[in-house]
Amino acid sequence: MRIAWLSTREINHDLCSTSQLNLANGLADIGHKITVFSPGASSKNNFVHVSLKRSKIKGLQAKSIISELRKILDEINKFEFIILDWQLSQMQSLMPPRRPWPSR
């Protein structure tokens with residue numbers, strides 16, 4: 001399953017990103033193809049990371065990430081599932097509806 005994760009966390013720099021790193025790596029370990037779109041750089045992980053530019057001005061950071069994501073929205077909409085950080089929730093209206101997560 002192809003999963004896109006859209007995040008405001010700066011991977012490998014933000015202390016709170018450790019949960020995201022572990023979850024993304026865990027999903028990749030069980031066979032999912034994970035692509036994380038976020039600021040910063042990531043290496044030595046089991047998922048693909050797409051680095052996004054982010055404003056240095058507090059209060060404009062999420063808005064600048066949304067602007068970057070809009071540029072690649074067609075690519076993002078090709079994924080089967082999309083995980084959104086709550087700060088990016090306004091992106092949901094730009095994405096087609098998806099089916100619910102399948103149960104095993």
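The text that follows walks through the structure, step by step, so that each part is easy to find. (Residues numbered from 1 in each chain as written. Predicted model: local features only at pLDDT ≥ 70, side-chain atom pairs only at ≥ 80, totals over all residues. Heavy atoms only, no water.)

## Structural notes on the sheet that holds strand S3 (residues 48-52)
So, point 1. A sheet is described by the order of its strands in space; here four strands give the open sequence S3-S2-S1-S4, paired in parallel fashion. Each edge of the sheet is formed by a strand with only one pairing partner; in this case those strands are S3 and strand S4 (81-84). Ignoring strand direction, the axes of neighbouring strands in this sheet form an average angle of 20°.
So, point 2. Where strand S1 (residues 2-6) and S4 come together, four bridges link them in parallel fashion. Following the sheet pairing, Ala4 is matched in S4 by Ile82.
So, point 3. Of the strands in this sheet, S1, strand S2 (33-39) and S3 touch helix H2 (residues 61-71), which is tilted by about 120° from S3. (Pairing = 2+ DSSP bridges. Helix = DSSP H or I, 4+ residues; strand = E, 2+ residues; numbered from the N terminus. Axes fitted to C-alpha atoms, helices over the stretch in contact; angles between N-to-C directions. Contact = heavy atoms within 4.5 Å.)

## What to know about the pattern of salt bridges
So, point 1. Tallied over the full model, the rule gives two salt bridges.
So, point 2. A salt bridge links Glu10 to Arg54; the shortest N-O distance between them is 2.8 Å. Here Arg54 lies in the loop between S3 and H2 and Glu10 lies in the loop between S1 and helix H1 (17-29), a separation of 44 residues in the sequence.
So, point 3. When its relative accessible area of 29% is taken as the criterion, Arg54 is described as partly exposed.
So, point 4. Between Lys71 and Glu68 there is a salt bridge, and its shortest N-O distance comes to 3.0 Å. Of this pair, Lys71 and Glu68 both sit in helix H2, three residues apart, roughly one helical turn.
So, point 5. You can call Glu68 buried: its relative accessible area is 18%. (Salt bridge = Lys/Arg side-chain N within 4 Å of Asp/Glu carboxyl O. Buried < 20%, exposed > 50% of the residue type's maximum accessible area, 1.4 Å probe, protein only.)

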